[in-house]
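Residues per chain are reported as follows:
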Amino acid sequence: MNTPIRLGALISGGGTNLQAIIDACESGALSAEMAFVGTDNPKAAGLARAERAGIPTFAVNYPDILSRRKKDPPTLPPPPDLDLPDLIVRQRLIPQDAPPARRDAFLLGRVAAESALLREMERFSFDLLVLAGFMRVVTPYFLDRINPEPDRPRVMNIHPALLPAFPGTDGYGDTLRYGCKVAGCTVHFVDYGEDTGPIIGQRAFPILPEDTLDSVRKKGLAIEWRLYPECIQLFAEKRLRVERPDKGGRPVVRILPASG
Ligand code: GRF
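Residues numbered from 1 in each chain as written. Predicted model: local features only at pLDDT ≥ 70, side-chain atom pairs only at ≥ 80, totals over all residues. Heavy atoms only, no water.

Caption draft 1: Up close: the packing of helix H1 (residues 16-27) against helix H8 (residues 213-236). Contact geometry for H1 and H8: axes closest at 9 Å, N-to-C directions at 50 degrees. With respect to each other, H1 and H8 are oriented oblique. Judged by the sense of rotation from one axis to the other, the crossing of H1 with H8 is right-handed. In this structure, H1 uses Thr16, Asn17, Ala20, Ile21 and Ala24 to contact H8, whose residues at the interface are Leu221, Glu224, Trp225, Tyr228, Pro229 and Ile232. Along the lines of polarity and charge, the residues of the contact of H1 with H8 split into eight nonpolar, two polar and one charged. (Axes fitted to C-alpha atoms, helices over the stretch in contact; angles between N-to-C directions. Helix = DSSP H or I, 4+ residues; strand = E, 2+ residues; numbered from the N terminus. Parallel < 35°, antiparallel > 145°, perpendicular 65-115°, else oblique. Left-handed = near helix turned anticlockwise from the far one by under 90°. Contact = heavy atoms within 4.5 Å. Nonpolar A, V, L, I, M, F, W, Y, C, P; charged D, E, K, R; others polar.)

Caption draft 2: How the structure looks around the environment of Gly184. Note that Gly184 resides in strand E6 (residues 182-189). Filtering out sequence-adjacent residues up to four positions away, Gly184 remains in contact with His159, Pro160, Ala161, Leu162, Tyr172, Arg203, Ala204 and Phe205.

Caption draft 3: Up close: the pattern of salt bridges. Inspection of every chain in the model, using the stated rule, returns 19 salt bridges. Note that Arg6 and Glu33 form a salt bridge whose closest N and O atoms lie 3.2 Å from each other. Highlighted residues: Arg6 in strand E1 (residues 5-11) and Glu33 in strand E2 (residues 32-39), separated in sequence by 27 residues. Overall, Glu33 belongs to the partly exposed group, its relative accessible area being 36%. Measuring nitrogen to oxygen at the nearest pair gives 3.1 Å for the salt bridge that ties Arg145 to Asp81. Here Arg145 is found in helix H6 (residues 140-146), whereas its partner Asp81 is found in the loop between helix H3 (62-71) and helix H4 (84-90), with 64 residues between them in sequence. Among the residues examined, Arg145 registers a relative accessible area of 36% and is labelled partly exposed. Using a relative accessible area of 42% as the deciding quantity, one classes Asp81 as partly exposed. (Salt bridge = Lys/Arg side-chain N within 4 Å of Asp/Glu carboxyl O. Buried < 20%, exposed > 50% of the residue type's maximum accessible area, 1.4 Å probe, protein only.)

These figures come from the coordinates and say nothing about function on their own.
This is how it looks when you write it as structure tokens:
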């Protein structure tokens, strides 16, 4: 039996995936314990789930920070350890040829909020950070501070579509509106793009003629609640290895066989 890993989680909303993870920790299906739950949205309903389970929580008010940064930038100067030119080159969230003022404002707003997140997270030790309905992109500024070894990523996300199809905020809606006959969800490590990181696990389900957006979301979420803890358990068992099969190509996750 592995020693339980410590999980941090970030949420924005209702936190049903967070609940599934908390339940899996409590039932022993997941050899993990929760170190903290943070949010970008002080009103996130999921915070109550963490509090009920006795997990420390914190909120970083993203809307407030982003609007302050926009209206009055000097009140939120860039953190001293930010290398903006380097961040601009490495990030894949906004096109390199976007108007520089717009690009810099976007990145500096996110970095201001991320440095507040990192300050909160510094209080806890954790092995893996799970984004569980965290509706914010994260920049390389944030990721590099959590992933000191690039080939051993420590940030996971769950996405409501079969990536690489339908990245973005409305995976089930985009899948249905496209006329797909199959929907699904994906757990992946987070990289410098939006929903582009190496895939750990996926699960699909048919879209039936009578399905609505609501029914697809409901079926999808029920599948997410099983898939996410399973993928976290693979991490806890050290069975996820990031490899680059083609020299210089995109990294992929290989799932190692269970030991013993
Ligand atoms: C889920 O569909 C997840 O895939 C997406 O946001 C939703 C969050 O739901 N990223 P919940 O807050 O876990 O209930």
